[in-house]
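The primary structure of each chain is shown beneath.
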Amino acid sequence: MSTEHAVRVPRTKEGRALLDLIEPHLARIRAEAREHDERSAFPVETFAAFAKDGLMGATVPAELGGLGVTRLHDVAAGLAAVAAADAATALAWHVQLSRGLTLTWEWRHGEPPVRRLAESLLRAMAGGEAAICGAVKDHPRSVTTLSRDAAGRWALSGRKMLVSMAPVATHFVVHAQTRVDGEPALTVVVLPRDTPGLAVLEDWNGLGMRASGTCDVAFGDCPVAEDAILSRRPVGGHNDAVLAGQTVSSVTMLGIYCGIAQEARDIAVGRFAAGSGEPRPRQPRSWPRSRPGCTRCAPPPVPR
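Digging into the packing of aromatic side chains
Here a ring pair, both rings aromatic, is described through the centre-centre distance and the interplanar angle of the planes.
Next, step 1: Scanning all chains against the criterion turns up 3 aromatic pairs.
Next, step 2: When the centroid spacing of 4.9 Å and the interplanar angle of 40° are considered together, the rings of F42 and F47 count as tilted. Judged on exposure class, the residue F42 and its partner F47 are both buried.
Next, step 3: Ring geometry for F47 against F50: centres 5.5 Å apart, planes inclined by 50°, an arrangement best described as tilted. In this pair, F47 and F50 both sit in helix α2 (residues 44-52), 3 residues apart, roughly one turn of the helix.
Next, step 4: One aromatic cluster is present, built from ring pairs that chain together F42, F47, F50 and W93.

This is the structure in structure tokens:
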């Protein structure tokens with residue numbers, strides 16, 4: 001009976017291309033994982049290599065220069081491959097992949113100013129020039145707010161936590177509270193890393209995930225341009241796009257858990273097969289590709 005999980009098998013040619021591009025990086029990611037975690041060091045070189053090979057634009061539409069991976073299953077397959085080598089690297093990369101999917105929706109369906117902003121960011125991602133983090137969760141001692149000064153200019157203040165990939169981020173997509181016509185609203189803005197008042201606080205120390213760069217980010221009266229506002233909606237209002245974005249992130253993240261679980265299973269089997277003591281040495285796993293007539297790589301039948 002095969003132990004390969006169906007999530008490892010991409011369903012589209014774009015997904016197969018993604019796995020092919022990932023494969024050469026896995027040995028290095030695996031070899032450096034322990035040291036990165038012990039030193040709380042973000043794998044900067046790995047993400048530079050990802051950018052060079054187009055992996056930072058994997059979910060960017062092909063017409064904008066990306067790989068054009070749109071199937072959530074295929075995104076999860078790519079994340080599972082990386083997570084088996086190092087879960088922290090996979091978690092950080094997941095941030096970029098999810099952002100590509102949600103920005104693509106904005107590019108196709110948003111209002112003209114939002115579409116222009118989304119296209120600019122997507123093209124930069126495809127070119128390996130942009131790493132875009134989401135800054136959603138407020139720090140317990142801070143509420144992130146967007147307000148106008150006396151001259152009518154927007155300014156952002158507050159502090160966010162659990163911002164993965166922050167050490168190499170070029171942009172932050174920040175969720176903030178504001179008021180529109182006197183009513184409370186939730187606003188999402190895009191800030192470049194070099195915005196005055198923005199500071200990445202490299203204070204993350206999550207056991208086993210230290211290399212994910214899941215830091216706090218502080219905002220001290222950061223100026224926000226009008227054309228940097230990605231969305232604005234009333235508090236408590238229903239928004240299908242927001243729910244879809246959360247779903248995209250959650251579904252694709254399941255690939256990380258699958259990769260970790262398969263790797264743990266392989267380590268356990270290797271240990272017991274070799275008897276007591278350290279696990280026997282083994283070669284990095286070669287991830288399967290779906291081939292005509294290959295039953296081992298075929299996805300399980302859909303129950304009827």
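Section: the environment of A199
Next, step 1: Residue position: A199 is located in strand β6 (residues 198-201).
Next, step 2: What makes A199 partly exposed here is its relative accessible area of 31%.
Next, step 3: C-alpha separation for the pair A199 and G220, spaced 21 residues apart in sequence, amounts to 8.3 Å.
Next, step 4: If we skip the residues at most four places from it in the chain, A199 touches D216, V217 and A218.

Observations concerning the nonpolar core
Next, step 1: With 53 residues, the main nonpolar core has W93, L156, M165 and F172 as its most contacted residues.
Next, step 2: Those residues in contact with M165 that sit more than four places away from it in its chain are F42, F47, M56, A92, V95, Q96, A131, I132, C133, S212 and G213.
Next, step 3: With 18 residues, the next largest nonpolar core counts L64, A118, L122 and M125 among its residues.

The rules behind the values
- Residues numbered from 1 in each chain as written.
- Predicted model: local features only at pLDDT ≥ 70, side-chain atom pairs only at ≥ 80, totals over all residues.
- Heavy atoms only, no water.
- Phe/Tyr/Trp six-rings, centres within 6.5 Å; stacked < 30°, edge-to-face > 60°.
- Buried < 20%, exposed > 50% of the residue type's maximum accessible area, 1.4 Å probe, protein only.
- Helix = DSSP H or I, 4+ residues; strand = E, 2+ residues; numbered from the N terminus.
- Contact = heavy atoms within 4.5 Å.
- Core = buried A, V, L, I, M, F, W, Y, C linked by side-chain atoms within 4.5 Å.

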